[in-house]
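Okay, here's what each chain looks like letter by letter:
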Amino acid sequence: MVLAPETGTSFLLLRVLPHDDAIAWARTHRASVNAATQGIEIRDDVALERLSDGLRRAEPEAEPGRALLAAVSDADLRRLGVDDAVLSLARQIHSEELLDSTRPFLPEQQYDVLCGLAAGMTPEQVWQEIVQVQLTAGERHGHESDKLTAAMHRAQGRIALVTGPAELMDLLERPFDSWRVFLHPSQHRVAYRASYRGPAKVAGGPGTGKTVVALHRAAHLAAKLPADTPDGAILLTTYTRDLAAEMERCLGLLVADPEQLRRIRVANVDALAHEVVRKRRGVAKLDLLTDQHEITARWARAAKRVGLAIVEANAQRRAAVDELAQIPWKGREHRARRKALKAEIDAMPPFRRTVSAAACQRIRSTLRAGLNAAIKRQIITFNPACHVELEARKRPKALVWTDERIEHWRRTGERPSPVMVWTPEQTGAFLDHAMQDRLYALFHLITFRGLRRGEACGQRWMDTDLSGALLTVAKQLVVDGWEVYEDDPKTDAGARTIALDSDTVAVLREHRERQEADRAKWDTAWVETGRVFTREDGSWLHPVNVSDRFKELCKEIGLPPIRLHDLRHGAASLAHAAGADLHAIKEMLGHSSIAITSDTYTSLLPQVDRAIAEAAARLVPRASKPAAKSAGVAPGDVASEAVPAAAEPSAHASLTQTAPDEVSEAVKEATGRPKLQLIRGGAESPLSGSNRRPPLYKSGALAS
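Residues numbered from 1 in each chain as written. Predicted model: local features only at pLDDT ≥ 70, side-chain atom pairs only at ≥ 80, totals over all residues. Heavy atoms only, no water.

## Overview of the overall build of the protein chain
Phase 1: Within the protein chain, the secondary structure is distributed over 30 helices and 13 strands.
Phase 2: Counting all 704 residues of the protein chain, 34% fall into the buried class.
Phase 3: Taking all contacts inside the protein chain whose residues are at least 6 apart in sequence as the whole, residues at least 24 apart take part in 61%. (Helix = DSSP H or I, 4+ residues; strand = E, 2+ residues; numbered from the N terminus. Buried < 20%, exposed > 50% of the residue type's maximum accessible area, 1.4 Å probe, protein only. Contact = heavy atoms within 4.5 Å.)

This is how it looks when you write it as structure tokens:
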């Protein structure tokens, strides 16, 4: 099949077909010139007409506002080279999937224009990136007298027409790098989509542009990040070192802003894994593993240990649920899509939680107890759970967000510990910011009284005595997958009664007034659950949504990140700083063991720790005291106050003595605790009968 203009000696080979097929193809196809690009187009008018009639019969009463390109005017479409036949068809397309299905029937250049507009590009962007590129490339052939002949020379297909060595060298000398980051409009939709709400898969064979899409996606995300984002916040990875180096080079061609470029890290998988292992193992020698079966087995064990399959399944189900919520109810196409998507969701596994090391330990304990009971009943004679070896569980220690840790986190993105606690100033800033939020009372209660998330969501008014300033924890809401059900507290110690301070009582009273206003507003639609904290209609709060709202409030004010559960750790630290002993904190938190309270939940706040350090230092009389400036303490701090000189200066203090009053007052002021009393040994001491100190302590190490 050859296209031959009426004049001239130029011909364009279209395709090679058997004789009868060529005749049939020629009867339904014709050549035309695009009004915008002035390039050649081969079109099947019969197929276009059938496709347009089919769409009109499918949805004869389609609303114009539902069209995919409803926001683009007819004038703009014509200016971009869309002719009347394609324009009529475009007005009947209501989804990107339907647009993709029309690709075999539309002229290639017009299809590219429609794809660019559907991807969110403005008409001006489409003109510059699609139309203008083709129009400029064909300007040198504008002298042809016949439009069809000129259009043949402007053809922007996979073949370039050259008339001599000069034009060939011109093509070869052009920078090839521009093609390495070129993005087709159909790829633009994938790379610059606002959000995927979970993992997304881009499939295609070799040379289809998957790497280019990944580059543009990384650049798009980097442009959306705030200015204080740490370096390497976006990870772009591949399997080979050479490809990673090439991707990094191409990324430099695509991203001109060095601030955005530093937010993207490009590394191959092996280098990334080596870095992770080095951080964990240090400089210890690493054994080289070459057995592919052993490598695969280790990866499988690692994926199982972190619950990778569960995480991916949850992400896919959540993405499908979010997509279902976005599909309108009206319209035959939408109803069919909703029906198909619901069937997909029903076929997916339910939401599941990943099993942590702590959960594995509890599961083993439960199995061991049950099997021991079976042994007592002589049902079995051997308990296999006793010989199951599990990974040792290390309970994380709560750390306070100090200025140095915040600076490190902003620079590297690393959290010093999985459990972090705010300082009183940071906690106050969060509460001030959240005061107008409808869940403020819940956050206030957890902050000061340390309720668990499920306990706060499940708290009932019948268990809340505001007149007596007492709160009884009797129920909690538990999340199983995504479903929520009511249950008793986590442990027997979790069923407890907590005293409320006056500020918390006032906050809960105000919250109850707002809830009564919501009840009156919803009238008969109000759901009576008896909960203190509910949704707008009175129904249960979903605990996961509460955590999500807490994260949003933290990001709005720019505080260092903590979990909602970490407010419970903060409540323990605040109570400890206020003078509460560990037993009182244990009762407040509902722990079954005081060891959990002391080892995990209490953290010394900086000002309290500093006051204790100053008090300890003051217990040792010194002949000459280091200057406050050299110790790094500003004037007016506790350490800068004068210490009474000893009557007879000595290099060492006695083992027991009464702390100076001013030191005790400093501790009391910082911690809220009584004065520090150290008992002097002697006959009058209550401990003299059991722990009497010898009248004279001598040591060779201390002898002068």
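On we go.
## What about the sheet that holds strand β10 (residues 470–473)?
Phase 1: Read from one edge of the open sheet, three strands run β9-β10-β13, paired in antiparallel fashion. Among the strands making up the open sheet, the edge pair consists of β9 (464–465) and β13 (496–499).
Phase 2: Examined bridge by bridge, β10 and β13 share four bridges and lie antiparallel to one another. Across the sheet, L471 pairs through a bridge with I498, a residue of β13. (Pairing = 2+ DSSP bridges.)

## Details of the pairing of strand β4 (residues 40–44)
Phase 1: Most of β4 is tucked away: four of the five residues are buried.
Phase 2: Two strands pair when backbone bridges link them, and strand β3 (residues 29–33) and β4 are joined in this way by five bridges, in the antiparallel orientation. In the strand pairing of β4, A31 is matched with I42.
Phase 3: Connecting β3 to the next strand, β4, in antiparallel fashion are six residues, including Q38 with a positive phi near 60°.

## Looking at the pattern of salt bridges
Phase 1: Counted by the stated rule, this structure contains 24 salt bridges.
Phase 2: Residue E455 pairs with R496 through a salt bridge whose shortest N-O separation is 2.9 Å. With E455 in helix α23 (residues 453–458) and R496 in strand β13, the pair connects residues that are 41 residues apart, well separated along the chain. Each member of the pair, E455 as well as R496, is classed as buried.
Phase 3: One salt bridge in this structure joins E486 and R531, with 2.1 Å as the shortest N-O distance. Placement of E486 in strand β12 (residues 483–487) and of R531 in the loop between α24 (502–522) and α25 (543–557) is noted, with a sequence separation of 45 residues between them.
Phase 4: Taken together, the shared-partner salt bridges in this structure form one network comprising D437, R549, E552 and E556. (Salt bridge = Lys/Arg side-chain N within 4 Å of Asp/Glu carboxyl O.)

## A look at the nonpolar core
Phase 1: Counting 46 residues, the largest nonpolar core has W422, F430, L442, F443 and F550 as its most contacted members.
Phase 2: Looking at this core element by element, the count peaks at six residues for helix α22 (residues 440–449).
Phase 3: When near neighbours in sequence (up to four residues on either side) are disregarded, F443 contacts F430, D437, V546, R549, F550, L553, L564 and L567.
Phase 4: Core analysis: the second largest hydrophobic core is formed by 25 residues, A36, L80, L89 and V126 among them. (Core = buried A, V, L, I, M, F, W, Y, C linked by side-chain atoms within 4.5 Å.)

## Details of the packing of helix α27 (residues 582–589) against helix α28 (residues 594–601)
Phase 1: Following both chains from N to C, one finds α27 and α28 inclined at 95°, their axes separated by 9 Å at the closest point. Between α27 and α28, the angle is such that the two are roughly perpendicular. Here L582, H583, I585, K586 and L589 of α27 lie close against α28, whose contacting residues are I594, T597, S598 and Y601.
Phase 2: Among the residues forming the contact of α27 with α28, the class breakdown is five nonpolar, three polar and one charged. (Axes fitted to C-alpha atoms, helices over the stretch in contact; angles between N-to-C directions. Parallel < 35°, antiparallel > 145°, perpendicular 65-115°, else oblique. Nonpolar A, V, L, I, M, F, W, Y, C, P; charged D, E, K, R; others polar.)

## Topic: the side chain of T597
Phase 1: For T597, the position within the fold is in helix α28.
Phase 2: Only 2.7 Å separates the side chain of T597 from the side chain of H591, close enough to count as a polar contact. (Polar contact = N/O pair within 3.5 Å; in protein donor to acceptor, adjacent residues only side chain to side chain.)

## Considering a positive patch on the surface
Phase 1: Taken together, the side chains of R353, R362, R395 and K490 make up a positively charged region of the molecular surface.
Phase 2: Inspection of the secondary structure assignment puts R362 in helix α19 (residues 357–376).
Phase 3: For R362, a relative accessible area of 51% gives the class exposed. (Patch = residues over 30% accessible without salt bridge, like charges linked within 9 Å, V, L, I, M, F, W, Y side chains within 5 Å. Areas by Shrake-Rupley, 256 points an atom, 1.4 Å probe, with all protein chains shown as cover. Lys, Arg positive; Asp, Glu negative; His and termini not counted. Charge placed at Lys NZ, Arg CZ, Asp CG, Glu CD.)

## Observations concerning the environment of N372
Phase 1: Position of N372 relative to the elements: it lies in helix α19.
Phase 2: Residue class for N372 comes out partly exposed when judged on its relative accessible area of 31%.
Phase 3: A C-alpha to C-alpha distance of 9.4 Å links N372 and C386, two positions 14 residues apart in sequence.

## As for the packing of helix α21 (residues 424–434) against α22
Phase 1: Where α21 contacts α22, the two axes come as close as 10 Å, and the packing angle between them is 160°. Classified by the interaxial angle, the pair formed by α21 and α22 is roughly antiparallel. Taken as a pair, α21 and α22 cross one another with a handedness that is left-handed. Contacts between α21 and α22 involve T427, F430, L431 and A434 from the first element and Y440, F443, H444, T447 and F448 from the second.
Phase 2: For the contact of α21 with α22, the residue count by class is six nonpolar, three polar and no charged. (Left-handed = near helix turned anticlockwise from the far one by under 90°.)

## Brief notes about the packing of aromatic side chains
Phase 1: Following the criterion strictly, the structure yields six aromatic pairs and no others.
Phase 2: Ring centres 5.9 Å apart and planes at 40° place the aromatic pair W422 and F550 in the tilted group. With W422 in the loop between β8 (420–421) and α21 and F550 in helix α25, the pair connects residues that are 128 residues apart, well separated along the chain. The pair W422 / F550 is uniform in exposure class, with both members buried.
Phase 3: Three or more aromatic residues link up through ring pairs in this structure, and these residues are W422, F430, F443 and F550.
Phase 4: R512 extends its terminal NZ or CZ atom over the ring of W461, reaching a point 4.3 Å from the ring centre. (Phe/Tyr/Trp six-rings, centres within 6.5 Å; stacked < 30°, edge-to-face > 60°. Lys NZ or Arg CZ within 6 Å of the ring centre and 35° of its normal.)

## Comments concerning the pairing of strand β5 (residues 234–238)
Regular strands place their side chains on alternate faces of the sheet.
Phase 1: Only one face of β5 is covered, namely the face carrying I234, L236 and T238; the face carrying L235 and T237 is uncovered.
Phase 2: The pairing of β5 with strand β6 (residues 264–268) spans five bridges and is parallel. When the sheet's bridge partners are listed, T238 is paired in β6 with N268.

## A word on the environment of H583
Phase 1: Relative to the assigned elements, H583 resides in helix α27.
Phase 2: Its relative accessible area of 46% is what places H583 among the partly exposed residues.
Phase 3: Taking C-alpha positions, H583 is 9.4 Å from S598, a pair spaced 15 residues apart along the chain.

## Here we look at a nonpolar patch on the surface
Phase 1: Where nonpolar side chains cluster on the molecular surface, the patch consists of V355, I363 and L367 and spans about 260 Å² of accessible area.
Phase 2: You can see L367 is positioned in helix α19.

## Brief notes about the confidence of the model for the protein chain
Phase 1: With 78% of its residues at a pLDDT of 70 or more, the protein chain shows a mean pLDDT of 77.
Phase 2: Element-level mean pLDDT values for the protein chain span from 47 in helix α30 (residues 661–671) up to 96 in α22.
Phase 3: Every residue in residues 140–144 scores below 50 in pLDDT, and together they form eight contacts with partners more than four places removed in sequence or on other chains. (pLDDT = per-residue confidence, 0-100.)

## Considering α28
Phase 1: Among all positions in α28, only T597, T600 and Y601 are buried. Viewed end-on, α28 has its buried residues packed into an arc of 105°, placing them on one side of the element.
Phase 2: Each element contacted by the buried residues of α28 is listed here: α26 (566–577) and α27.
Phase 3: Between the side-chain oxygen at the start of α28 and the backbone nitrogen of A595 there is a gap of 3.2 Å, and the oxygen is on S593. (Arc of directions from axis to C-beta.)

## A closer look at α26
Phase 1: An ideal rise of 1.5 Å per residue puts 16 Å on 12 residues; α26 measures up with 16 Å between its terminal C-alpha atoms.
Phase 2: Counting buried positions along α26 yields 11 of 12 residues, so the element is predominantly enclosed.
Phase 3: When we look at burial in α26, the residues that qualify are D566, L567, R568, H569, G570, A571, A572, S573, A575, H576 and A577.
Phase 4: In the segment just after α26, G579 is the residue with positive phi, at about 115°. (Expected span 1.5 Å × (residues − 1).)

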